[in-house]
Structures are given as structure tokens and as C-alpha cells.
Amino acid sequence: MTTPKSSTAPALEPDTTETRDRMWALVVDATTWDQGRGFRRTRVAPPRLDEKSAPQDAVHVIVQVLYAGVCGTDRGIYERTSLGETILRSLAEEGKSERIVGHELVGRVVEVGSDVPVEFGFRAGDIVSTESHIFCGRCYQCRLGQQHICSDDRIIGVSRDGGFAEYIKLPARVLWSTNTERIALEVAAIQEPFGNAVHTCTRVDLRGKTVGIFGCGTIGLFAAMIARTLGAAHVIGIEPEKERRALARAAGADLVLPVHRRETREPSPDPEVVRQLHDETSGVGLDVALEMSGFNSSLNNAIASTRRGGEVVLFGLHSGDFTIHKYESVILKGLTLYSVIGRELFRTWTFTQRLLEDRANGIQDKILGLVLQHGEGTILDIRDFEADTFERMMRDHPKILLRFASL
Ligand SMILES: [Zn+2]
Ligand SMILES: [Zn+2]
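Procedures and definitions
Residues numbered from 1 in each chain as written. Chains lettered and ligands numbered in written order. Predicted model: local features only at pLDDT ≥ 70, side-chain atom pairs only at ≥ 80, totals over all residues. Helix = DSSP H or I, 4+ residues; strand = E, 2+ residues; numbered from the N terminus. Buried ≥ 20, exposed ≤ 12 C-beta atoms within 10 Å, placed from the backbone. Contact = placed C-beta atoms within 7 Å. Axes fitted to C-alpha atoms, helices over the stretch in contact; angles between N-to-C directions. Parallel < 35°, antiparallel > 145°, perpendicular 65-115°, else oblique. Pairing = 2+ DSSP bridges. Domains from an automatic or database assignment. Nonpolar A, V, L, I, M, F, W, Y, C, P; charged D, E, K, R; others polar. Core = buried A, V, L, I, M, F, W, Y, C linked by C-beta atoms within 7 Å. Left-handed = near helix turned anticlockwise from the far one by under 90°.

K.L.:
Any chance you could break down the overall build of the protein chain for me, citing the residues and the numbers?
P.N.:
On a plain count of helices and strands, the protein chain comes out with 15 helices and 18 strands. With the C-alpha coordinates aligned to their principal axes, the bounding extent of the protein chain is approximately 70 × 50 × 45 Å. The 407 residues of the protein chain split such that 46% are buried. Partitioning the contacts of the protein chain with sequence separation of at least 6, the portion at a separation of at least 24 is 69%.

Structure below.
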């Protein structure tokens, strides 16, 4: 993959004694959270393992980040529209003023705590991705094996320092070993968001079903690829943007319907799209609706388009109140609603690995070609980071990557 160099990028700082112990990172500042937008590229002290002063470092590792994925959550942080409260509260608890962002990555283990090889089997040189939700391992859910809904989890890049940096310190228990002979590094970097789609598509049985994907953003595109592979009989996308509709078709949807774009909290469903979905299913309605947009109207489109006894899987997230249009229809139609958060540890990761490693299903090639455009305009080296370039890339592509180092 090639990366066009940005001509406006500031020159790399000379490697002086002062900068040698510092690493590049993208941060947001607590003090200017309310005023600004964007990420600040800066040099910060790299994380270290120091078991003498921090005994828990015995089960931690230092990972050198190779590629990191930029997702919608990061865009929300960039624009200061999401997670401000969580970031500021966690920084106050840590007595710090800047947060390193980023939570999707692939990297190389460069240092391990003394208990890591025996307890977790990781060694320096291993290529790993990571679960982004750092579960506590002690709470009620964790003890039941439901670590993805841990009551005391920390999310990297939000409530603890993240992966938009040359190095990150992580507990070995969240690492996911990755075979880069089978999964391209660029794809390995986005196993975390791909895992969201895997979790959504495995929440209910899709085999032989008519499946609607409401919202064909990045995770919706992944869901189209996965639903197809898992044996859905008919996959219909619902998406307001023309370019995304074309991508969703190429990703594996049989048909992608346009829908009126509404304000996030505007609840009224789009009667035209509901009618079209009923026409497409001989008047029956969808067996399964995957709500991937986090728009109130889309939730109501999903509920109104699903058949009696059908299933609605909710992944799209928005804080605040949503209204359910004709609430009684949920009961009268006997619908089942599910919600999906994160990835089941490590069941979803195992499933993700198998879907990506099996080149016969074409998913990896679709991610490389359709989503990452073979690296054309989708990979930005941290040394070339510049706000305008970064914003343009985020605007033009469903997924972009930051490169911190090569293998
Ligand atoms: Zn994400
Ligand atoms: Zn827990």
C-alpha cells in the first residue's frame, strides 16, 4: 500500500536528546476541551513497565503501535460532541490534563511484565490487536464471563490512554494474538470495529433470513459482508447517502434502499421505506432488522419493517431519549429486541479471526479494496499528521488508518 505524502505536513522534529525519549501521540486537552476541536499532535513520555513501584505491571505489556483505526467515536471526540464527560472525569481521577485518543490498533509487543509469559503466553515480538474495553475481572459480570459488560471497564482512548501513539501500555489479558501472514496488517488494525459487526450479526441466527441493515456506515458495511457469509438469504441495506449505497451493494447487499435523512432525535419513520421493505418481502416484513445508525427515525423504520415475531438488533448508539413510534406494535407483533455492545471476550474475537482468515469468503479483500481503497488516501503517517488532511480523509472515506511504524 502506498501513502500519498501531504505536502503541507510540518517537518519532523530533529531527533535530539530531548525528543529521543518522547513519542508522537495525538491528544485532547482537558483545559481546552470546551473551546476547541481537533486532536493535538505532540511528543509525550512513552509508557514504561516499572514493577518495583507498580506491581500490577507484572501482568502488563508495552505494545509498539503499527497501525491504528479512526472510528466514529474518535470523530465525536475530535468534534467535542461525544464522551467529553467521561474523558474529563477520568483525567481528573488520574491527575492528568491530556488524554491520548484511539482504541483500534495492531502492534508489536516490545516489553512484557514478569508474569506475562507464563500467565498469558505473550512474548516480545508477538503481533497483537487489543480489546478496547479494559474489563476489571472482578465484578459480577466479569465473574460470569460477561466481560464486555463489565461494571467497571475503562475504554482505551477515552477513560485511559489510547492507541494514537507510538507505544501503549496494556494489560496482557485484553490482547489478541494476530497472524499477519493470514490477516493483512491494515485489516488487523480494525478487528475491533469489525468485531462490533460480528457481534451484531451473531446476536441472532441469520441463516436463511431476510435481513435489513439500517445504516450503511462502516459497521453497516461490515455487517453486509458478514450477513452474506453467515447465510442470510436476502440482505437489504437502508441508507440515505448515495455513495454509501453503492458501497453497501458492493459489500454484499442484494438491494439498498434510499431513505430520508432526519435529525438524530426526529422520531417519525419514513413510510416510503417501510412500504418498500414490505413490498420486497411479499408483504411479510423483514425477519431481522439490524439498526446500525443510532437515529431515532431509523429505530422506528426498523421496528415498523420487521415482521410479526421478528427480531430487531440495536447497535447504533446515541445518548438521550428516543421515542418509539406506535409502541404497541412492538408488543402486538411479538417482536424481540436485542442490544449489542462491544465484543464478547473472546468468542467474538475468535469468530472475527475465522471470518478474516478465510480468504474464500472475500471479506478481507472487500475490506482492503472497498473500505480501505488499497491504502489510497486512507492511511496517514503520524509524521505527516496535519488537521486539514486528517479531516479531509475522514470525510472522504468510511475508514482511515494512522500509521505509526512498519513491521
Ligand atoms: Zn471504534
Ligand atoms: Zn468487571
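There is more to say, and it comes next.
K.L.:
Tell me about the packing of helix α7 (residues 191-201) against helix α13 (residues 347-357), and please be specific about residues and values.
P.N.:
Across the interface, α7 lies against α13 with an axial gap of 9 Å and an inter-helix angle of 105°. The angle between α7 and α13 falls in the class roughly perpendicular. Taking contact as the criterion, the partners of Gln-191, Phe-194, Gly-195, Val-198 and His-199 in α7 are, on α13, Thr-348, Trp-349, Phe-351, Thr-352 and Leu-355.

K.L.:
If you had to explain α7 to someone new, which residues and values would you point to?
P.N.:
The element α7 is extensively covered by neighbouring structure, given that 11 of its 11 residues are classed as buried. For α7, the full list of buried residues reads Gln-191, Glu-192, Pro-193, Phe-194, Gly-195, Asn-196, Ala-197, Val-198, His-199, Thr-200 and Cys-201.

K.L.:
Tell me about the sheet that holds strand β1 (residues 23-29), and name the residues and values.
P.N.:
Sheet architecture is open: three strands sit in the order β2-β1-β4, paired in antiparallel fashion. A strand with exactly one partner marks an edge of an open sheet, and here the two such strands are β2 (40-44) and β4 (98-100). Averaged over all pairs of adjacent strands, the angle between strand axes in this sheet comes to 55°, irrespective of strand direction. Across five bridges, the pairing between β1 and β2 is antiparallel. Pairing of Trp-24 across the sheet is with Arg-43, part of β2.

K.L.:
Give me the lowdown on the domain arrangement of the protein chain, citing residues and values where you can.
P.N.:
Here the domain parsing of the protein chain yields domain 1 (17-193 + 344-403) and domain 2 (204-339). For domain 1 versus domain 2, the separation of C-alpha centres amounts to 30 Å. Listed as interface residues are 10 residues of domain 1 and, on the opposing side, 10 residues of domain 2. Partitioning the side of domain 1 that touches domain 2 into residue classes produces six nonpolar, two polar and two charged.

K.L.:
An account of the nonpolar core is requested, with residue identities and associated values reported.
P.N.:
Counting 109 residues, the largest nonpolar core has Ile-213, Ala-223, Ala-224 and Leu-290 as the members making the most contacts within it. Taken domain by domain, this core gets at least three of its residues from each of domain 1 (17-193 + 344-403) and domain 2 (204-339).

K.L.:
Which residues make up the sheet that holds strand β13 (residues 255-257), and what values go with them?
P.N.:
Pairing within the open sheet is parallel, and its six strands lie in the order β13-β12-β11-β14-β15-β16. Looking along the sheet, the strands with just one partner apiece sit at the ends: β13 and β16 (336-339). Across this sheet, the average inter-strand angle for adjacent strands is 20°, counted without regard to direction. Pairing between strand β14 (residues 286-291) and strand β15 (residues 306-314): five bridges, direction parallel. Among the inter-strand pairings, Ala-289 is bridged to a residue of β15, identified as Val-312. Packed onto the sheet, helix α11 (residues 296-305) meets β11 (210-214), β12 (234-238), β14 and β15 and runs at close to 170° relative to β14.

K.L.:
Which residues make up the environment of Cys-216, and what values go with them?
P.N.:
With respect to the secondary-structure elements, Cys-216 resides in the loop between β11 and α8 (218-229). A residue is classified by how many C-beta atoms lie within 10 Å of it, and Cys-216, with 29 of them, is buried. Look past the residues within four positions of Cys-216 in its chain and what remains in contact with it is Leu-221, Ala-224, Gly-237, Glu-239, Arg-244, Arg-245, Leu-247, Ala-248 and Val-256.

K.L.:
Talk me through the environment of Thr-200; I want residue IDs and the actual numbers.
P.N.:
With respect to the helices, strands and loops of the structure, Thr-200 is situated in helix α7. Looking at Thr-200, the number of C-beta atoms within 10 Å reads 27, which means it is buried. With 134 residues separating them in the primary sequence, Thr-200 and Gly-334 have C-alpha atoms 20 Å apart. The residues touching Thr-200, leaving out its near neighbours within four places in the chain, are Ala-223, Leu-290, Val-313, Phe-315 and Val-340.

K.L.:
Describe the environment of Pro-267, listing the residues and the values that go with them.
P.N.:
Of note, Pro-267 is situated in the loop between β13 and α10 (271-280). Spatially, the C-alpha atoms of Pro-267 and Arg-207 are 31 Å apart, while their sequence positions differ by 60 residues. Contacts of Pro-267, omitting those with residues within four sequence positions, involve Asn-296, Ser-297, Asn-300, Phe-322, Thr-323 and His-325.

K.L.:
Please set out the packing of α8 against helix α14 (residues 363-371) residue by residue, giving values where relevant.
P.N.:
The N-to-C vectors of α8 and α14 enclose an angle of 150°; their axes lie 11 Å apart at closest approach. Here α8 lies roughly antiparallel to α14, going by the angle between them. Relative to α14, the crossing made by α8 is right-handed. Where α8 approaches α14, its residues Thr-218, Leu-221, Met-225 and Thr-229 are matched on the opposing element by Ile-363, Lys-366 and Val-371. When grouped by side-chain class, the residues that make up the contact of α8 with α14 number four nonpolar, two polar and one charged.

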